[in-house]
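Residues per chain, in single letters:
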Amino acid sequence: MSPEEEFGSCLENAESWMRMIQERLEATDNVQGPKAALENRLRETEVILAEEPEGHLRLDRVLLKAESLLRDKNDDEKHEIHAAVKHIKTLWEDTQINMVHCHSRIEWILLHWSEYLKAREDYFLWLMTMKQRLEPDLELQLGLKEKKLQLSHHTILLSNILNQAALLERLIQESGSLFAKTEDETVNEAAQQILKADHEALEIKAKEKVKILEAIVQEHQEYADMQEEFQNWLHCMKEKINKCNTCTDKKNPMERSFRELKELSDEVSRKKGELDNLQVQATTVILSTSPLGAEHITKDLETLRANWNNLKLSCQQDQVPLEIGFHSVLESKSRAEQLEREVAELADWLQSLDLQPPDDDTMETAWCKCLLTRSSILAEEPRMEELQLKLKEFCRSSQNEEELSNKVLSVIREYKRVKGQIVKRCSQLGARLRCDFQEFLREFQQWRNSTINLLHLPLDTEDGALTRTYLQNIEDHLGHSNQLKIRLDRFQGLEGMLGSVYSEEQTAMFVSELREAVQQRIFLTDGLLQRRRELQMNGGDPSACKLLLKKFEEWLKTEDRKLMSILAAKHPRSSRERKNRKQGLKVLQSRVPQGQKIFEELFSAEFPGANEEEKQLEDLRYRWMLYKSKLKEAQELSVQGSNEVVEFRKQTSGGICHYLSRACCAALPLQLLLLLLLLLTFLLPLIEEQDSCSVVNNFARSFYLTLRYQGPPPT
């Protein structure tokens, strides 16, 4: 072969061999899959690396052939040879790099995997150990010390578990990293969650046991503290009782010893509840204690209760003789304190009495206050007598109580002084009241005589000036009447208190004169009002007529409302309801004559050019007649209903037909009465002095068809 052919053959063999090596590397360069597959690939890369000297040998042959060939070639041919040599060198360098890289990559992943498996194996070993330690149930311990040691042991186990959480987290991270590179199912997310779940379950179990043990230790600790506190209290109480029995108080030895012993006995009795609570708590503690420990707790508690019973019995035995001796002293002291309190209350009450009322009070107010104070003073007189008896009894049974006796005597003297002062003041105010009432009667007599003279004057309305003077005098007398009414009301308010200062004869005379004055004032005031109304109406004062019209309309509305409220109860059942209904109708009927008189005065008055007032008057006429009709009908129905009730109660049989016939007979007069009222409604306008279409059309007033026409009727 020629040198060129030898060079070409060596170059082609070297390149094909390198291509073959790279293809093997490409087939091996993969880190995905299980660990066994990676180990096989690692062995393959080691075989490939072992063939590296073969590659060097083939490259050296190419370089030797190229060197011998370059000696006899021109520049162009040398350039081609250099290019081929450079190409084969570059290919060999790439092949070497790929060989080393592929081997290192697979080797590193396997190393990582081995370290992870070792760490996981260590964790699993620790996990199994911890499960074995936490698996058995908690053992019952002898006492509080052993329970605390058991709690400390499980607290350490829990702390170890919590500390391993960081290692578990790193282990899970490594597993995730391996899965991201190898995608092996043994290190996927599910395997990571299993690791985490096992650790969490172990942690929960450890926490539960620690929590249970903490509750057990706390419960036993509280019981032990209460037991120790109760034991210390027993020792302290024994010392106090011994000290109480040897009391050296010179002033009140029996009283002090008894009180202290009584307090100690009460305190011992109150401790029973605490001892019972200790028993209940011991029952709970025994449930979490070993049998031997429960036996110790029971014995200690029995000893504690026995000591308490002995202490209670000792207090009761020591208390009996002291109580007997102290009883008399205590009773005497109690009576003295009660008497002193009563004396203090009486002294404060006497001091609080208002013996001198303010000057701005009226005579009536001052007299009322004085009578109330007098009544309260006299009501305390039996109490003062009882106080004197108590003082005598106390002085017989006690000694050296001069201070209390002086207080009692002082308050009795003060009571007598206040009593005399208030009785004297009431007599003075009563005398002033009699004088004021006599002065009022003289003033009332003057007003009465003047009013009678005023009412006896002739009613002459032709002279306008004289009429105005007459009206002014009436107004003055009415104003004076109102002032007299105020004073009469004041005297009437004192009627109930007259008997406390006056005799029965004087009180009866006062009341008689007072009521006579009230009746005379009402009678004369009504006369003045009637005379003022007559003067205003006859004097042709339109404003007075309008006022009277308005006042009468309001009165009629009020009366009609009262009638409707009575008629609202259509069927009164009880005799009391029927009686109240009848009495109400009677009262309304008694006021009809007065209303009729005012109504006639209104129709006798003139309203020149006042069409609106005329229409209002016609409307008022209709309402007045309707009101009287309803009132009369209600009265007749009330009487008829009462008779029917009496008759119906007498008859227990007779049939429905007989009852209907009686009802029809009773209703016939009522129907005739309604027909007569309807006829009168049409006939009334014809008797008026003034012809008016508004009067003729009075019945149709609700339709407002009235014609405003003055003169004879057009028909």
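Residues numbered from 1 in each chain as written. Predicted model: local features only at pLDDT ≥ 70, side-chain atom pairs only at ≥ 80, totals over all residues. Heavy atoms only, no water.

Chemist: Can you help me understand the nonpolar core in this one?
Modeler: As a rule of thumb, nonpolar side chains are buried together in soluble globular proteins. With 50 residues, the main nonpolar core has Phe7 and Ile88 as its most contacted residues. Those elements that place two or more of their residues in this core are α1 (3–28), α2 (35–50), α3 (52–70), α4 (75–134), α5 (144–182) and α6 (189–245). If near-sequence neighbours (up to four positions away) are discounted, Phe7 is found in contact with Val62, Lys65, Ala66, Leu69, Ile81, Ala84 and Val85. Grouped together as the second largest cluster of nonpolar side chains are 47 residues, Val418, Cys426, Leu478 and Leu524 included. (Core = buried A, V, L, I, M, F, W, Y, C linked by side-chain atoms within 4.5 Å. Buried < 20%, exposed > 50% of the residue type's maximum accessible area, 1.4 Å probe, protein only. Helix = DSSP H or I, 4+ residues; strand = E, 2+ residues; numbered from the N terminus. Contact = heavy atoms within 4.5 Å.)

Chemist: Honestly, the pattern of salt bridges in this entry has me stumped. Any pointers?
Modeler: Where charged atoms of side chains with opposite charge meet at close range, the side chains can pair. Across all of its chains, the model carries 20 salt bridges by this definition. Linking Lys272 and Asp276 is a salt bridge whose minimum nitrogen-to-oxygen distance equals 3.1 Å. One end of the pair is Lys272 and the other is Asp276, both in helix α7 (residues 253–287) and four residues apart, which spans about a single turn. Judged by its relative accessible area of 39%, Lys272 falls in the partly exposed class. Between Lys299 and Glu295 there is a salt bridge, with its nearest N and O atoms 3.4 Å apart. Linking Lys299 with Glu295, this pair stays in helix α8 (residues 291–352), spanning four residues, or about one helical turn. Taking relative accessible area as the criterion, Lys299 reaches 45% and is therefore assigned partly exposed. Residue classification places Glu295 among the partly exposed positions, given a relative accessible area of 39%. Linked by salt bridges that have partners in common, Lys272, Asp276 and Arg305 make up one network. (Salt bridge = Lys/Arg side-chain N within 4 Å of Asp/Glu carboxyl O.)

Chemist: What am I meant to see in the packing of aromatic side chains here?
Modeler: For any pair of aromatic rings, the description rests on two quantities: the centre-to-centre distance and the angle between the ring planes. Enumeration according to the criterion identifies 14 aromatic pairs in this entry. Summarising the aromatic geometry, the rings of Tyr123 and Phe124 are spaced 6.2 Å apart at their centres and angled 50° between planes, so their arrangement reads as tilted. Overall, the relative accessible area of 1% leaves Tyr123 in the buried class. By relative accessible area, Phe124 is classed as partly exposed at 33%. Taking the centre distance of 5.6 Å and the plane angle of 35° together, the rings of Tyr123 and Trp126 count as tilted. One end of the pair, Tyr123, and the other, Trp126, are both in helix α4, three residues apart, so they sit about a helical turn from each other. Each member of the pair Tyr123 and Trp126 is classed as buried. (Phe/Tyr/Trp six-rings, centres within 6.5 Å; stacked < 30°, edge-to-face > 60°.)

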